[in-house]
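Per-entry structural report
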Amino acid sequence: MCAFIQETAAICRHRKVVYQANSPQNCTLVKSNQVRFNSTAPPVETIGFLANIWQSISNSTPVAYVQQSLVDIHDFTGLPWWSSIVISTILFRSVVTLPLTVYQHEITARLEKIALEMPAIVNELKKEANLAMKTFKWTEQQTKMLRKQWKTLIIRENCHPAKTFIVLWGQIPLWIFQSVALRNLVNMLPDPTSLQAQIVVTEMTIGGFGWIPNLTEVDSSYILPVTLGIINLAIIEVQSMIRTRPPTRFQKFVTNIFRGLSLLMVPIACTVPSALTVYWVTSSCYGLTQNLLLMSPTARRAFRITKTPSELENPYKHLWLRVKQRTGYEGATLISQTTKSTAKENKMEGDKSRKE
């Protein structure tokens, strides 16, 4: 009974705030005759270019679909909002990003496969080019023929290098749309006068967990923002430690850029509602789990990813030794032995593939 009285009082207080916020002094009418919540925001004319982009994304059709999907998942499951956010994140990523990631790994494997064929092709081209240079005095024929052969192999295996970025084409839009959709739900957008928007916000104020009972407020303990930064850094470090070849200068540059972005997300997460932070942490946890899963040769065969010479037979052991090496806890000698053994196995398999 006490809980019912408290929830009723909360709803009444919330509706009072909503009605006050929707007064003529605190609202701005737009051309479509919709009311935009504007209790703290400056006039539309002074918002600026970036804010106009944000408003366009907020009112876009994909965000509307994701926003309604979040509400439907919550209503269907009957779970508190924090659980609904976690479940919807796992569902969306399993449907969108997991298949794209598997496809990206397959494209990378095909590129590695055709790269193994190139040494034999280069040797043949050298012979042909030398003969052509002696007979016809050609100088650039070797390079042209090599490029043509490389394009032929890419077409044959259907593995254009641009396809290795396919995960970004799906993951980044999904991350943006779901983040904006949750921000809309917290701010009762696009229509703060609708009953559904008011109910959703009221449910979010009591739909948290543990130290975050109210998902519309920031995490004042900073537990989730710091966790977000740690998980994102873990994803980057795992990807760098699992490599069997020394990183190039460009790879080092990109890795450092992503490390900086991971740290930058911490102060940003400290200023947004907890609903968004719960989503970001869940999404990052899914990404880390996905990366660890796709290291396993068994999982890669289950997803029908082509086996390559660079694939590690014991990736988790290799990763654990790398962690020990970076923390300075034994393993430097073991890492060296493991890397030499892996390089030797890769060379043997590569020679075998070229012969075949």
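Conventions and cut-offs
- Every chain is numbered on its own, with residues counted from 1 as its sequence reads.
- With pLDDT at 70 or above as the cut-off, local features in this predicted model cover only qualifying residues; side-chain atom pairs require 80 or more to be listed or tallied, and sums for whole chains, interfaces and linings still use all residues.
- The basis for every side-chain value is the complete set of heavy atoms in the structure, and neither hydrogens nor water enter the calculation.
- Helix numbers and strand numbers start at the N terminus; a helix is a DSSP run of H or I with at least 4 residues, a strand a run of E with at least 2.
- Summary of the burial criterion: residues with accessible area below 20% of their type's maximum are buried, those above 50% are exposed, and those between are partly exposed, where the area comes from a 1.4 Å probe applied to protein chains only.
- Two residues form a contact once any of their heavy atoms are found within 4.5 Å.
- For helices, the fitted line uses only the C-alpha atoms of the stretch in contact; every axis is such a line through C-alpha atoms, and the angle between N-to-C directions lies from 0 to 180 degrees.
- Angle categories: roughly parallel below 35 degrees, roughly antiparallel above 145, roughly perpendicular from 65 to 115, and oblique for all the rest.
- Under the grouping applied here, Gly and all other residues not named as nonpolar or charged are polar, the nonpolar ones being Ala, Val, Leu, Ile, Met, Phe, Trp, Tyr, Cys and Pro and the charged ones Asp, Glu, Lys and Arg.
- A score from 0 to 100, pLDDT tells how confident the predictor is in each residue.
- Buriedness of a pocket was judged along seven lines, with at least five required to meet protein on both sides within 12 Å; pockets are open sets of points on a 1 Å grid over the protein atoms alone, cavities are sets where a 1.4 Å probe fits but cannot get out, and lining residues have an atom within 4 Å of a point.
- Grid points are joined across faces, edges and corners, and a volume is the space filled by probe spheres set on the points.
- For salt bridges, the criterion is a side-chain nitrogen of Lys or Arg within 4 Å of an Asp or Glu carboxyl oxygen.
- One fewer than the residue count of a helix, multiplied by 1.5 Å, yields its expected span.

Attention shifts here to the overall build of the chain. Secondary structure assignment for the chain yields 14 helices and two strands. Across the 356 residues that make up the chain, the buried fraction comes to 36%. Long-range contacts, defined here as pairs at least 24 residues apart, represent 69% of the contacts in the chain between residues at least 6 apart.

Looking now at the packing of helix 2 (residues 49-58) against helix 7 (residues 166-186). Look at helix 2 against helix 7: their axes get within 10 Å of each other, and the N-to-C directions meet at 90°. Viewed along their axes, helix 2 and helix 7 adopt a mutual orientation that is roughly perpendicular. Here Trp54, Ile57 and Ser58 of helix 2 come into contact with helix 7, specifically with Ile176, Val180, Arg183 and Asn184. Among the residues forming the contact of helix 2 with helix 7, the class breakdown is four nonpolar, two polar and one charged.

Before going further, it helps to examine the confidence of the model for the chain. Detailed reading of the predicted coordinates is not advisable wherever pLDDT falls low. Per-residue pLDDT for the chain averages 79, and the proportion of residues at 70 or more is 70%. When mean pLDDT is taken per element in the chain, helix 4 (residues 81-95) scores highest with 97 and strand 1 (residues 27-29) scores lowest with 36. Every residue in residues 1-47 scores below 50 in pLDDT, and together they form 44 contacts with partners more than four places removed in sequence or on other chains.

Here the idea is plain: a probe the size of a water molecule rolls over the atoms and shows the empty space left. Tallying each qualifying case throughout the model produces one cavity of 30 Å³ or more. If you go around the largest cavity, the residues you meet are Arg93, Thr97, Gln171, Leu174, Trp175, Tyr279 and Ser283. Of all the elements in the fold, those that place two or more residues in the lining of the largest cavity are helix 7 and helix 11 (274-293). When residues in the lining of the largest cavity are grouped by element, the largest group, three residues, is from helix 7. Residue classes in the lining of the largest cavity are distributed as three nonpolar, three polar and one charged.

Moving on, we get to the pattern of salt bridges. Counted by the stated rule, this structure contains six salt bridges. One salt bridge in this structure joins Arg301 and Glu311, with 2.8 Å as the shortest N-O distance. Of this pair, Arg301 sits in helix 12 (residues 297-302) while Glu311 sits in the loop between helix 12 and helix 13 (315-327), placing them 10 residues apart in sequence. Relative accessible area serves as the criterion here: at 34%, Arg301 is assigned to the partly exposed category.

Moving on to helix 9 (residues 223-241). The periodicity of an α-helix, 3.6 residues per turn, causes residues three or four positions apart to be oriented the same way. Compared with the 27 Å implied by 1.5 Å per residue over 19 residues, the 26 Å span of helix 9 between its first and last C-alpha is a close match. All buried positions along helix 9 are accounted for by Leu224, Pro225, Leu228, Gly229, Ile231, Asn232, Ile235, Ile236, Glu237, Val238, Ser240 and Met241. Buried residues in helix 9 make contact with helix 10 (249-269), helix 11 and helix 13.

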